[in-house]
Amino acid sequence: MTAFAAAAAAFLITALGGKPLIRLLEKYRLTALLMREKNGVKTPDKKPVPEMGGLLYLCGLLGGGIIGAILLLITGGGEAFSASVSFGKLGAVLICTLLMGLLGLLDDWRRARSLPPMSPAVRLLLVSGIALSFLFGIWASGDRSTILLLPFGSQLDLGIGYPVLLFLMLIGSVYGAGQMSASSGQLLSVSLISSLGCGGIFAVFAIRGICEISFASAGAMLGLTLFSFPPEKLREGNGCRKAGGVFPMAVGIAGGAPLFVLFMGLPFIFEGIYVMIKLCVNIGGKELPAENFGAFLMEKGWSGKAVCGLYAFSALAGGIAAVSAAVLYL
């Protein structure tokens, strides 16, 4: 019940806070013109739209997550685990997601103010610093394990390679999510299902706290969908993409089951493969004009809704596989 309460609280925060936030962003002109493509021709919309949906998501996630944690303490749900360790991990996940989201929101702010984008090297440095700080937070909470849980019932001790693998998975999730900008709602369709999948995995493993904030993330994403699907009033923006991308992997690491969460990362893998293909094609002297895989599909005639549907279906299939793997593992 505490997980559903966290989800409901997060949903209400985003659903009720959306319109006031949109008015505030429009008042301070933190908006950008959206480009629409029809018959190969891109034209700007008549009215600019705020792109800082990440701010609304973070408010919902933090609010719902904190409420879920408080309810755990009040109802005694926290007795099943060590409060000092688990709440330390909860804090690490929420702070990591918040910092990644703020980094993306800075990109959104710079875009709204027509400022040049952040240097890729500086962005990589900041993302890496946040990822390393998160891993240190997990270590400081008392989790010193180097054992990787393999789906369907196996384990593998990676030793020093374990934190290296986790670091690469965190970086990959952030940059993969950052590529999901072809259509409004693209990241939402994936992150909503991924958050639900994480909640299901850790409900099976009976890891309280992690389960609650996973459902809180799902509730926040669901509330954001009321404003971010066409005709959008508030786009996800880089803030939501970075926060929504890192969150599933962060809870997977905190819960000790990162490979289970990776099942739901198929859309991120799509984007990663496309980036590698584009790099190889460019080296060969040709060029793929589309910035990401979603944009490539839209150039081939797919609608934005179809792209979102493909990504959502991929995440759903991965989520079913992940929860099934958790059940079989036990």
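Residues numbered from 1 in each chain as written. Predicted model: local features only at pLDDT ≥ 70, side-chain atom pairs only at ≥ 80, totals over all residues. Heavy atoms only, no water.

**Looking at the overall build of the protein chain**
Okay, step 1: For the protein chain, the count of helices and strands is 12 helices and 6 strands.
Okay, step 2: Here the C-alpha atoms of the protein chain give a radius of gyration of 19 Å, agreeing with the 20 Å that 2.2 N^0.38 yields for 330 residues.
Okay, step 3: Its C-alpha atoms put the protein chain at 60 × 50 × 35 Å along the principal axes.
Okay, step 4: Sorting the 330 residues of the protein chain into buried and exposed places 50% on the buried side.
Okay, step 5: The contacts in the protein chain between residues at least 6 apart in sequence include a share of 75% that link residues at least 24 apart.
Okay, step 6: Carbon together with sulfur atoms contributes 70% to the accessible area of the protein chain, which is approximately 15,100 Å² in total.
Okay, step 7: Where the 24 positive side-chain charges of the protein chain centre and where its 16 negative ones centre are 7 Å apart. (Helix = DSSP H or I, 4+ residues; strand = E, 2+ residues; numbered from the N terminus. Rg over C-alpha atoms; globule rule 2.2 N^0.38 Å. Buried < 20%, exposed > 50% of the residue type's maximum accessible area, 1.4 Å probe, protein only. Contact = heavy atoms within 4.5 Å. Areas by Shrake-Rupley, 256 points an atom, 1.4 Å probe, with all protein chains shown as cover. Lys, Arg positive; Asp, Glu negative; His and termini not counted. Charge placed at Lys NZ, Arg CZ, Asp CG, Glu CD.)

**Thoughts on the packing of helix α4 (residues 120–140) against helix α5 (residues 161–178)**
Okay, step 1: At their nearest, the axes of α4 and α5 sit 10 Å apart, and the two run at 130 degrees to each other. Taken as axis vectors, α4 and α5 run oblique relative to one another. Crossing angle aside, the handedness with which α4 passes α5 is right-handed. Side by side, α4 and α5 meet where Pro120, Arg123, Leu124, Val127, Ser128, Ala131, Leu132, Phe134 and Leu135 of the first sit next to Pro163, Leu166, Phe167, Leu170, Ile171, Val174 and Tyr175 of the second. (Axes fitted to C-alpha atoms, helices over the stretch in contact; angles between N-to-C directions. Parallel < 35°, antiparallel > 145°, perpendicular 65-115°, else oblique. Left-handed = near helix turned anticlockwise from the far one by under 90°.)

**A closer look at the nonpolar core**
Okay, step 1: Of all hydrophobic cores here, the largest spans 83 residues; its most connected members are Tyr57, Phe134, Ile201, Phe202 and Phe260.
Okay, step 2: The element that contributes the greatest number of residues to this core is helix α7 (residues 210–228), accounting for 10 residues. (Core = buried A, V, L, I, M, F, W, Y, C linked by side-chain atoms within 4.5 Å.)

**Quick word on helix α1 (residues 2–27)**
Okay, step 1: Here α1 spans 37 Å end to end across 26 residues, near enough to the 38 Å set by a 1.5 Å rise per residue.
Okay, step 2: Of all the bends in α1, the largest measures some 45 degrees and sits at glycine 18, one to four residues before the proline proline 20.
Okay, step 3: Buried within α1 are the following residues: Thr2, Ala3, Ala6, Ala7, Ala9, Ala10, Thr14, Gly18, Leu21, Ile22 and Leu25.
Okay, step 4: Its buried side turned inward, α1 meets β1 (31–32), β4 (49–50), α2 (53–75) and α7.
Okay, step 5: Looking at the residues trailing α1, positive phi occurs at arginine 29, about 55 degrees. (Expected span 1.5 Å × (residues − 1). Bend = angle between axes of the 7 residues up to and from the residue.)

**Side note on the pairing of strand β5 (residues 147–150)**
Okay, step 1: When β5 meets strand β6 (residues 154–157), the two strands line up antiparallel, connected through 4 bridges. Across the sheet, leucine 149 pairs through a bridge with glutamine 155, a residue of β6.
Okay, step 2: The loop that links β5 with its antiparallel partner β6 comprises 3 residues; one of these, phenylalanine 152, has a positive phi angle of about 70 degrees. (Pairing = 2+ DSSP bridges.)

**Digging into the pattern of salt bridges**
Okay, step 1: Within this structure, the stated rule accounts for 7 salt bridges.
Okay, step 2: Residue arginine 111 pairs with glutamate 51 through a salt bridge whose shortest N-O separation is 2.5 Å. Residue arginine 111 is found in helix α3 (residues 83–112), and its partner glutamate 51 is found in the loop between β4 and α2; the two are separated by 60 residues along the sequence.
Okay, step 3: On the basis of relative accessibility, which here comes to 46%, the residue arginine 111 falls in the partly exposed class. (Salt bridge = Lys/Arg side-chain N within 4 Å of Asp/Glu carboxyl O.)

**Notes on the environment of leucine 94**
Okay, step 1: Considering the arrangement of structural elements, one finds leucine 94 in helix α3.
Okay, step 2: Through-space distance from the C-alpha of leucine 94 to that of isoleucine 273 is 29 Å; in sequence the pair is 179 residues apart.
Okay, step 3: The contacts of leucine 94, once residues within four sequence positions are left out, are Leu61 and Leu62.

**Side note on the side chain of threonine 31**
Okay, step 1: Topologically, threonine 31 is positioned in strand β1.
Okay, step 2: For threonine 31, a relative accessible area of 17% gives the class buried.
Okay, step 3: In this structure, threonine 31 is in contact with Leu25, Glu26, Pro48, Val49, Pro50 and Ala112, ignoring residues within four places of it in sequence.

**A look at α4**
Okay, step 1: Between the first and last C-alpha of α4 there are 30 Å, a value that for 21 residues agrees with the 30 Å anticipated at 1.5 Å per step.
Okay, step 2: Turning to α4, its buried residues number three or more, namely Arg123, Val127, Ser128, Ile130, Ala131, Phe134, Leu135 and Ile138. Along α4, the residues classed as buried sweep out an arc of 160 degrees about the axis, all on the same side. The exposed residues of α4 that point more than 90 degrees off its buried face are Ala121, Leu125 and Phe136.
Okay, step 3: Two residues or fewer past α4, glycine 142 is found with a positive phi of approximately 115 degrees. (Arc of directions from axis to C-beta.)

**Here's the deal with the packing of α2 against helix α8 (residues 237–254)**
Okay, step 1: Remark: α2 packs on α8, axes separated minimally by 6 Å, with the N-to-C direction vectors making an angle of 40 degrees. Put simply, α2 runs oblique to α8. Within the contact between the two elements, α2 uses Gly53, Gly54, Tyr57, Leu58 and Leu61 and α8 uses Gly239, Cys240, Ala243, Gly244 and Phe247.
Okay, step 2: For the contact of α2 with α8, a count of residues per class yields 6 nonpolar, 4 polar and no charged. (Nonpolar A, V, L, I, M, F, W, Y, C, P; charged D, E, K, R; others polar.)

**Considering the packing of aromatic side chains**
Geometry of an aromatic ring pair is reported as the spacing of the ring centres plus the angle between the planes.
Okay, step 1: This structure, assessed with the given rule, holds 8 aromatic pairs.
Okay, step 2: Taken together, the ring pairs connect Phe205, Phe260 and Tyr329 into an aromatic cluster. (Phe/Tyr/Trp six-rings, centres within 6.5 Å; stacked < 30°, edge-to-face > 60°.)

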